[in-house]
Amino acid sequence: MKCKVCRGHAVVDIRRHNAAFCREHFLDHVRGQVARTIKEFRMFGPEDRLFIAASGGKDSLALWDILLDLGYDTTGFYLDLGIGGYSNRSKEAAIAFADERGAKLILRSLAAEHGYTVPELARLTGRVPCSGCGLNKRYEFNRAAIEEGFEVLVTGHNLDDEVATLFGNVLHWNTDMLGRQMPVLQERIFGSGGSAHVALVKKVKPLVRLAERETAAYALLKGIGYVVEECPMVEGNTQHRYKEAATLLEENSPGTKQQFYFGFLKRAQSNFSSSGDDGAEVVPCAQCGAPTVRWDVAAEPVCSFCKTKALAYRRRESAQRPARRER
Ligand code: SF4
Ligand code: ZN
Ligand code: ZN
């Protein structure tokens, strides 16, 4: 196997590109793919302050490393989900990465912000852990980015992640989600004039041209110490199953994932509206101010995050009540 660029010994092959690369040219290739994606989708410029959602895994740390190499102004953000040893080790990986590079890292935890961890939230609400986890991560990443004064939230979603999400959205015809499935989501401003404020920060995914295997190879070749183990709560995650199904198709026909995702962006995405199937209005949540879809004009609009948090608090309180009476 020879490098496509220098004909030297290749260490990584990419079947969908029918190409192999030596270490140096593979790292160049990865940086080139990310730079191309940032430019093509007008994600951000050198003047922007980037807020990197750093989970401690290979994708987010590889992305952070690439953006540092490309000279961007980055700050990492680690959200502790409270998933036992897995969260502790992820946090250590994010801290070690930032320390080694002298990069800035902001740490927050769900326990300190909201008084629960992901396993507790799942137990209290009776929902699968990934559902509450995803909701809380989206909410907290956005909230932290706005509070800390960043213009752009950058996440490490790779091609495999986007294909799995697209696969699920198509299988269930989640047309609203299809309308929002883009590598860039522009910021949303509420109010006007002096009362105008950012409700949703701009969100971008610069790794969408790279498969999971490639971000892992990049992290390995750069000596990035990431958390290799999977989250222990991943069992039952539907996204995970869609990923496996797409990988089966890719094995038999390299390039399938790329065609599916980029074909969707090019030829189908604009046919879907992001404002709700029935044109429901997006308004500020009456409790926290975050954007939410108003389905019922007669009811006070409350976002999913606030509803889930309230449910968890109610259940916790009612579980504690009999114990108090016994005292
Ligand atoms: Fe959260 Fe599920 Fe991912 Fe674990 S696997 S970090 S619970 S979304
Ligand atoms: Zn080479
Ligand atoms: Zn809310």
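Look up a bit, the structure's there.
If you're wondering where the values come from, they're calculated on a predicted model, not measured in any experiment. (Residues numbered from 1 in each chain as written. Chains lettered and ligands numbered in written order. Predicted model: local features only at pLDDT ≥ 70, side-chain atom pairs only at ≥ 80, totals over all residues. Heavy atoms only, no water.)

## A word on the overall build of the chain
Across its full length, the chain holds twelve helices and twelve strands. On C-alpha atoms alone, the chain measures out to a radius of gyration of 21 Å, which is about the 20 Å that the 2.2 N^0.38 rule sets for 327 residues. Based on the C-alpha atoms only, the size of the chain along its principal axes is roughly 75 × 45 × 45 Å. Carbon together with sulfur atoms contributes 51% to the accessible area of the chain, which is approximately 16,700 Å² in total. Taking the average place of the 45 positive charges on the side chains of the chain and the average place of its 40 negative ones, the gap between the two points comes to 2 Å. (Helix = DSSP H or I, 4+ residues; strand = E, 2+ residues; numbered from the N terminus. Rg over C-alpha atoms; globule rule 2.2 N^0.38 Å. Areas by Shrake-Rupley, 256 points an atom, 1.4 Å probe, with all protein chains shown as cover. Lys, Arg positive; Asp, Glu negative; His and termini not counted. Charge placed at Lys NZ, Arg CZ, Asp CG, Glu CD.)

## As for the site of ligand 1
Taken together, the residues surrounding ligand 1 are Leu81, Cys130, Cys133, Lys137, Cys231, Met233 and Val234. Looking at side-chain class alone, the shell around ligand 1 contains six nonpolar, no polar and one charged residues. (Near = heavy atom within 4 Å. Nonpolar A, V, L, I, M, F, W, Y, C, P; charged D, E, K, R; others polar.)

## Points about the coordination of the zinc ion (ligand 3)
Here the zinc ion (ligand 3) is held by the protein donor atoms Cys285 (SG), Cys288 (SG), Cys303 (SG) and Cys306 (SG), which lie 2.3 to 2.4 Å from it. Each of the four donor atoms bound to the zinc ion (ligand 3) contributes to angles spanning 107 to 112°, and the resulting shape is tetrahedral. The motif formed by the donor residues of the zinc ion (ligand 3), counted along the single chain, is C-x2-C-x14-C-x2-C. With Cys285 in the loop between β11 (281-284) and β12 (291-294) and Cys303 in the loop between β12 and α12 (304-326), the pair connects residues that are 18 residues apart, well separated along the chain. When sorted by exposure, Cys285 lands in the same class as Cys303, which is buried. (Donors = N, O, S within 2.8 Å, 3.2 Å for Na, K, Ca; no water. Tetrahedral: all angles 85-135°; square planar, octahedral: opposite > 155°, others 65-115°. Buried < 20%, exposed > 50% of the residue type's maximum accessible area, 1.4 Å probe, protein only.)

## Observations regarding the nonpolar core
Counting residues in each nonpolar core, the largest one holds 66 residues, and the members touching the most others are Phe26, Phe44, Leu67 and Val154. Tallying contributions element by element places helix α2 (residues 58-69) first for this core, with six residues. Among all residues touching Val154, those that are not within four sequence positions of it are Phe44, Leu50, Phe51, Ile52, Ala53, Leu63, Leu67, Val204 and Pro206. Val163, Leu166, Ala246 and Phe264 belong to the second-largest nonpolar core, a separate cluster that totals ten residues. (Core = buried A, V, L, I, M, F, W, Y, C linked by side-chain atoms within 4.5 Å. Contact = heavy atoms within 4.5 Å.)

## A look at the coordination of the zinc ion (ligand 2)
The coordination sphere of the zinc ion (ligand 2) contains the protein donors Cys3 (SG), Cys6 (SG), Cys22 (SG) and His25 (ND1), at a distance range of 2.0 to 2.3 Å. One can describe the donor arrangement at the zinc ion (ligand 2) as tetrahedral, given that its four donor atoms subtend angles of 95 to 114° at the metal. Sequence positions of the residues that donate to the zinc ion (ligand 2) give the spacing C-x2-C-x15-C-x2-H. Placement of Cys6 in the segment before β1 (12-14) and of Cys22 in the loop between β2 (19-21) and α1 (23-40) is noted, with a sequence separation of 16 residues between them.

## Observations concerning the pattern of salt bridges
In the structure shown here, the tally under the stated rule is 24 salt bridges. Arg31 is paired through a salt bridge with Asp69; the nearest N and O atoms lie 3.2 Å apart. Residue Arg31 is located in helix α1, and its partner Asp69 is located in helix α2; the two are separated by 38 residues in the primary sequence. Glu147 is the partner of Arg108 in a salt bridge, and the nearest nitrogen-oxygen pair spans 2.9 Å. With a gap of 39 residues between them, Arg108 in strand β5 (residues 104-109) and Glu147 in helix α6 (residues 129-147) connect regions that are remote in the sequence. With a relative accessible area of 47%, Glu147 lands in the partly exposed category. Here the residues in one salt-bridge network are Asp28, Arg31, Asp65, Asp69, Glu100, Arg101 and Lys222, joined through shared partners. (Salt bridge = Lys/Arg side-chain N within 4 Å of Asp/Glu carboxyl O.)

## A few points about the sheet that holds strand β4 (residues 73-80)
On the basis of which strands lie adjacent, the open sheet formed by six strands has the order β5-β4-β3-β6-β10-β7 and mixed pairing. Edge strands, defined here as strands with exactly one partner in the open sheet, are β5 and β7 (184-185). Two strands pair when backbone bridges link them, and strand β3 (residues 49-53) and β4 are joined in this way by five bridges, in the parallel orientation. Counted as the bridge partner of Arg49 is Asp73 from β4. Each of β4 and β5 touches helix α3 (residues 84-101); the most contacted strand, β4, lies at about 165° to it. Sheet contacts for α6: β3, β4, β5 and β6 (152-154); angle to β4, the most-contacted strand, approximately 135°. (Pairing = 2+ DSSP bridges. Axes fitted to C-alpha atoms, helices over the stretch in contact; angles between N-to-C directions.)

Take it as geometry only, folks, not as evidence of what the structure does.
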